[in-house]
Protein chains: 2
Amino acid sequence: MSHDRLLHALRREPVDVTPVWLMRQAGRYLPEYRKLREQAGSFLTLCQNPELACEVTLQPLRRFDLDGAILFSDILTIPEAMGLGLHFIPNEGPHFHHPVRTPADIDKLGVPDMADDLGYVPDAVKLIRRELDGKTPLIGFAGSPWTLATYMVEGGPSKTYQHIKALMFNEPAALHKLLDLLARSVAAYLNAQIAAGAQAVQIFDTWGGVLSPANYRAFSLVYMQQIVARLEPGPDGRVPSILFTKGGGAWLEAMAETGASALGLDWTIDIDNARERVGDKVALQGNADPALLYAKPDIIRTQVHEILTRFGHHPGHVFNLGHGVTPQVDPAHVAALVDAVHEFSIPA
Amino acid sequence: MSHDRLLHALRREPVDVTPVWLMRQAGRYLPEYRKLREQAGSFLTLCQNPELACEVTLQPLRRFDLDGAILFSDILTIPEAMGLGLHFIPNEGPHFHHPVRTPADIDKLGVPDMADDLGYVPDAVKLIRRELDGKTPLIGFAGSPWTLATYMVEGGPSKTYQHIKALMFNEPAALHKLLDLLARSVAAYLNAQIAAGAQAVQIFDTWGGVLSPANYRAFSLVYMQQIVARLEPGPDGRVPSILFTKGGGAWLEAMAETGASALGLDWTIDIDNARERVGDKVALQGNADPALLYAKPDIIRTQVHEILTRFGHHPGHVFNLGHGVTPQVDPAHVAALVDAVHEFSIPA
């Protein structure tokens, strides 16, 4: 049972203990990651080399009793494959050499070829599945169309979202064209991961929470719904899907109508309140404050216990943080959190 | 009526047209501000020199038909007065030379002397009131204790809130001591502004939205409530108070119980939904997306009309953005927004 409790929980089926995985569970807080990253020379090399991506994916599983592996990759592989020139500026994050600003820029873009342009991703998935050997399920992922568009139009991280929101207000048809293209690209990308063996998929809508309710529905949610509708069965049948909108706590009812199997929650909402609102429509994933990993282990244990108690004796809980593990975290604290989830689980 | 429609609306009294002011209405998007800022040499000089702070406060009123002036200052004047060594790093924002990290650091701090350490603020208030000459009401403001503590403990802007949240989880009693000190300091500071003539006050809780619901109540809301309870009447009687928690849309009911006159809304919640939830307890201020100012004027007008229509025929609406005006905005767009508020108002 332990090897597929994650998939059972995502389908709201009974499990022996609550499964747990962590967003960004492979990353800079792990010394073995930093070592490999230095050897590889760049973050993109790690993502684009299937052997290295496989190794990084497996690193946290060797340390912690995690119930899921998540493909090591970047949400910006699709715009990179579209030719935007992805690069990373230290302490600033991702940037594009060729941001998309005008309707003419958008007209030049097409759905990347999944084999020629992004084949390294399904290749990594196959390799990871072989290495995992059925012991732990593998989650694939992609960025949401709105989130990808935000980076593509801004050209990098933004505090004001000046360019994407100017496009949204002034040229909504052009933005919809871009989002439609991205929705078709993300669906093809996730289907390529599923065909290669991904056993669940998560859509990361990192920036959906910077929109008004109406604009969230029109420019983010509807495109995630299209993706969910286009997901194809994998070698072992249909795979569960997880929607995660950071800052989307107000919109859970609408998210639950998309057909996704599960919703990711950040930590600004109580999970018992979320469960009451979505009822038995979807499983819930979350929702510890990622900063909890800066707390002492006994405090971590208390807070994990509280979240499990809030969720209570119901099917469909996958424990996670409300956002990714941050670089300064002590790996021993991650171990304390993961172990506490299993120890304090309330089997459904 | 036009000179005090803002104060009437904050008290949920009838007004002729919906009043409007904008967070950060004085600032870098105005060429006359950038000129004065360059002449002054530093942002802090502008804040700490009452004549310059007065001039900057008045600049947007000369251009736009605004119904309120807001004291030009910085939310970090209190920690600066506590001796933390405030300075600004270009493109990075505010930093402190002496961050507060330990219980021992906290024990060294005291409530600043409002006359000796912060007298330039009430001096600016008096000067602005004299210049405004009763034509436009003046809003004073302060940062919330949680928001001030975040900057003081992190030492500058943060994406992970590592230090303040470690303190919150591991040493809650020490953090409560700091927040209590800040609540007493903010109350004294706002009372000094009120005594000098501020006709309304706003508490800016910029970072309350990064907390879980329970931690928001325990570490941010309760201290804002203490401040509201400590506000003293000014020369003309009690002044209305506005609480603004960015990302606080889920907690409006609790915020409405604090005794504040009005709640500031960001743009991630529909104002009709907010009004239904708080009923007749408080006025509401908001809530256009600040990025709307990047839109073409006819789009700005449409969106203003929609927000006014959503609020509808009720007392107690002050139009504002959901956060501050950003530096790249065209002042002509601000004029379009302000004029549209008055044009499309639905008198209550």
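What counts, and where the lines are drawn
- Here the residue index of a chain counts from 1 through its sequence in written order.
- Starting at A for chains and at 1 for ligands, labels are handed out in the order in which the entities are written.
- Only residues with pLDDT of 70 or above have their local features reported here, since the model is predicted, and side-chain atom pairs are shown and tallied only from 80 upward, although totals for entire chains, interfaces and linings are computed over all residues.
- Strands qualify as paired when DSSP identifies two bridges or more between them.
- Going along the chain from the N terminus, every DSSP run of H or I of four or more residues is numbered as a helix, and every run of E of two or more is numbered as a strand.
- Whether two residues are in contact is decided by their C-beta atoms, placed from the backbone, lying within 7 Å.
- An axis is simply a line fitted to the C-alpha atoms; with a helix, the fit covers only the stretch in contact. Between two such axes, the angle follows the N-to-C directions and lies from 0 to 180 degrees.
- A least-squares fit on C-alpha atoms brings the copies together, and the residues used are those whose pLDDT is at least 70 in both copies.
- Between the buried cut of 20 or more and the exposed cut of 12 or fewer other C-beta atoms within 10 Å of a residue's own C-beta lies the partly exposed class, and all C-beta atoms are placed from the backbone.
- Three classes are used: nonpolar for Ala, Val, Leu, Ile, Met, Phe, Trp, Tyr, Cys and Pro, charged for Asp, Glu, Lys and Arg, and polar for all others, with Gly counted as polar.

Caption draft 1: Geometry of the sheet that holds strand β7 (residues 262-264) of chain A. Residues and elements named next belong to chain A. Pairing in this open sheet of seven strands is parallel, and the strands run β1-β4-β5-β6-β7-β8-β9 from one edge to the other. The outermost strands of the open sheet, each flanked by one partner alone, are β1 (69-70) and β9 (317-321). In this structure, β1 lies alongside strand β4 (residues 138-143), joined through two bridges in parallel fashion. Note that in β4 the partner of I70 across the bridge is I139. Seen against the sheet, helix α13 (residues 271-278) touches β7 and β8 (283-288) and runs at an angle of roughly 160° to β8.

Caption draft 2: View of the relation of the copies chain A and chain B. Placing chain A over chain B gives an RMSD of 0.0 Å and needs a rotation angle of 180°, together with 0.0 Å of translation along the axis. Expressed as an axis order, the relation between the two copies is that of a two-fold axis. In terms of C-alpha distance to the rotation axis, chain A has A:A250 as its closest residue, with the C-alpha 3.5 Å off the axis. Of the residues that chain A buries at the interface, 100% are likewise interface residues in chain B, meaning the two copies contact each other through the same surface.

Caption draft 3: Region of the structure containing the environment of B:L6. Residues and elements named next belong to chain B. Among the secondary structure elements, L6 is positioned in helix α1 (residues 5-10). The exposure class assigned to L6 is buried, which follows from the 27 C-beta atoms found within 10 Å. L6 sits 117 residues away from D123 along the chain, and the two C-alpha atoms are 23 Å apart. Among residues more than four places away in sequence, those in contact with L6 are P19, W21, D67, G68, P137 and V318.

Caption draft 4: Looking closely at the interface of chain A and chain B. The interface is formed by 26 residues belonging to chain A together with 26 residues belonging to chain B. For the side of chain A that touches chain B, the element with the highest residue contribution is helix α9 (residues 162-170) of chain A, accounting for five residues. Residue classes in the side of chain A that touches chain B are distributed as 12 nonpolar, 10 polar and four charged.

Caption draft 5: Expanded view of the sheet that holds strand β5 (residues 200-205) of chain B. Residues and elements named next belong to chain B. Overall, parallel pairing links the seven strands, which are arranged β1-β4-β5-β6-β7-β8-β9 in an open sheet. Pairing within the sheet leaves two strands with one partner each, and these edge strands are β1 (69-70) and β9 (317-321). Against the sheet, helix α11 (residues 213-230) touches β5 and β6 (241-245), its axis set at about 165° to β5.

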